[in-house]
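Understanding the architecture of this molecule
The lines below spell out each chain.
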Amino acid sequence: LFNNENVEGNFNMMSDTFAVNNFMVSEESEDTTSETSEAVKIPSFLECSIRAQANTVLYDGLALKEVKGLLTIKDETVTISELTSSLFQGKLAVNGTVSTKNEEPTFDMNPGASDFRIGEAFSSLELFQLLAPAAKAVQGSMNTEINIAGNLNNDFSLNFTSITGNLLAEIFGTELKPEQAQIVAALGNQLQFIKPENIKLDGLKTALSFENGRVQVKPF
């Protein structure tokens, strides 16, 4: 480290409960009403791998259970591979990268989910709420594959206008509750020949694409 050389290592981490937010500290300026806008940088001198296992990981309001995965840090980039977890009564698998090499941090993620409870996912994930607002009316389970990339803000939250990618989803065991989503309730009120509560969605397969902050729904 002191000779301007890379710091290399391989680590195994095991934890009962791991709170990610404890390691994401925002510095405050002398004026305590504002925070610095400088982005967190992944150290360029680090070259290491971290194989992690935790019973519970707390991150951004989520409680992920039975988490296992491999993090590789190199060239100001974190590569996530073989990451699996239990979430929303289903299973989550994630591969992807987060990089701070550019002026704006970037990410490229490929999460997949099986047997996710749609209601729980919608109430907990801001991304889900913004990309698929009509899903609020759907009660049931979902399998999905997502490819999503874009920029991150300095606090590593998503810059939603930069998002590109696509989503494939299949839903099953569903029940539609129009009162839960304004857009679905309005459809039923304006079109008398449609009764949303009678629509059967079992086995529905749908595809979305994201570009420049817009969501495109493909025919289904």
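Below you will find a few notes about this structure. (Residues numbered from 1 in each chain as written. Predicted model: local features only at pLDDT ≥ 70, side-chain atom pairs only at ≥ 80, totals over all residues. Heavy atoms only, no water.)

Comments concerning the overall build of the chain
Our working definition: Numbering goes from the N terminus for both helices and strands, where a helix is a DSSP run of H or I of at least four residues and a strand is a run of E of at least two. Only protein chains enter the calculation, and the probe is 1.4 Å; a residue is then buried if its accessible area is under 20% of its type maximum, exposed if over 50%, and partly exposed in between. Here, residues are in contact when the closest pair of their heavy atoms is within 4.5 Å. Where accessible areas are quoted, they stem from the Shrake-Rupley method and a 1.4 Å probe; at the residue level, only the protein chains shown are allowed to cover.
Scanning the chain for helices and strands turns up three helices and 10 strands. Along its sequence from the N terminus, the chain presents helices and strands in the succession β-β-β-β-β-β-α-α-β-β-α-β-β. Here the chain, with 220 residues, has 33% of them falling under the buried criterion. Taking the intrachain contacts of the chain between residues at least 6 apart in sequence as the baseline, contacts between residues at least 24 apart amount to 57%. In the form shown here, the chain has an accessible surface area of approximately 14200 Å², with 51% of it arising from carbon and sulfur atoms.

Describing the pairing of strand β6 (residues 106-117)
Stated formally: Two strands qualify as a pair provided that DSSP identifies no fewer than 2 bridges between them.
Sheet topology places strand β5 (residues 90-99) next to β6; nine bridges connect them, and they run antiparallel. Looking at the pairing, A93 lines up with G112 of β6. The turn linking β5 back onto β6 is made up of six residues. With eight bridges connecting them, β6 and strand β7 (residues 138-151) associate as antiparallel partners.

Here's the deal with the packing of aromatic side chains
Selection criterion: Any Phe, Tyr or Trp ring, taking Trp's six-membered ring, that has another such ring centre within 6.5 Å forms a pair; planes under 30 degrees apart are called stacked, those over 60 apart edge-to-face, and the others tilted.
Evaluation of the coordinates by the stated rule reveals one aromatic pair. Considering the side-chain rings of F88 and F116, the 5.2 Å spacing of their centres and the 90° angle between planes classify their relative orientation as edge-to-face. Of this pair, F88 sits in the loop between β4 (77-87) and β5 while F116 sits in strand β6, and the two are 28 residues apart along the sequence. Here F88 matches F116 in class, with each residue buried.

Some remarks on unusual backbone geometry
Although it is not a glycine, D75 adopts a positive phi angle of roughly 55°. The residue D75 is located in the loop between β3 (62-74) and β4 in this model. Residue classification places D75 among the partly exposed positions, given a relative accessible area of 44%. Even without a glycine there, the phi angle at F88 is positive, about 50°.

Some remarks on the sheet that holds β4
Heads up, the condition is: A fitted line through C-alpha atoms serves as each axis, taken over the contacting stretch for helices, and the angle formed by two N-to-C directions is quoted from 0 to 180°.
One open sheet accounts for 10 strands, arranged β1-β2-β3-β4-β5-β6-β7-β8-β9-β10; its pairing is mixed. The strands lining the two open edges of the sheet, one partner per strand, are β1 (7-19) and β10 (214-217). Taking each pair of neighbouring strands and ignoring which way they run, the sheet shows an average axis angle of 15°. Two strands pair when backbone bridges link them, and β3 and β4 are joined in this way by seven bridges, in the antiparallel orientation. Bridge pairing links T72 to T79 in β4.

Some remarks on the nonpolar core
The criterion, for reference: Here the nonpolar core consists of buried residues drawn from Ala, Val, Leu, Ile, Met, Phe, Trp, Tyr and Cys, with membership extended through side-chain atoms lying within 4.5 Å.
Ranked by internal contacts, the top residues of the largest apolar core, which has 39 residues, are L64, M109, F116, I118, F128 and M142. In contact with L64, not counting residues within four places along its chain, are N55, T56, V57, S85, S86, L87 and L92.

Examining the pattern of salt bridges
Filter applied, for reference: Here a salt bridge means any side-chain nitrogen of Lys or Arg lying within 4 Å of a carboxyl oxygen belonging to Asp or Glu.
Under the definition given, this model contains four salt bridges. Of the charged contacts in the structure, one is a salt bridge between K41 and E76, with a shortest N-O distance of 3.5 Å. Of this pair, K41 sits in the loop between β1 and β2 (46-59) while E76 sits in the loop between β3 and β4, and the two are 35 residues apart along the sequence. On the basis of relative accessibility, which here comes to 45%, the residue K41 falls in the partly exposed class. Among the ionic pairs, E82 bridges to R51, the shortest N-O distance being 3.4 Å. With a gap of 31 residues between them, E82 in strand β4 and R51 in strand β2 connect regions that are remote in the sequence.

Details of the environment of S141
Heads up, the condition is: Any pair of N or O atoms that falls within 3.5 Å is considered a polar contact. Within protein, one atom must be able to donate a hydrogen and the other to accept it, and sequence-neighbouring residues count only if both atoms are side-chain atoms.
Secondary-structure assignment places S141 in strand β7. Owing to a relative accessible area of 10%, S141 belongs among the buried residues under this scheme. In this structure S141 touches D115, F116, R117, I118, E170, I171 and F172, once residues within four positions along its chain are discounted. Side-chain polar atoms of S141 contact the side chain of R117, separated by 3.1 Å.

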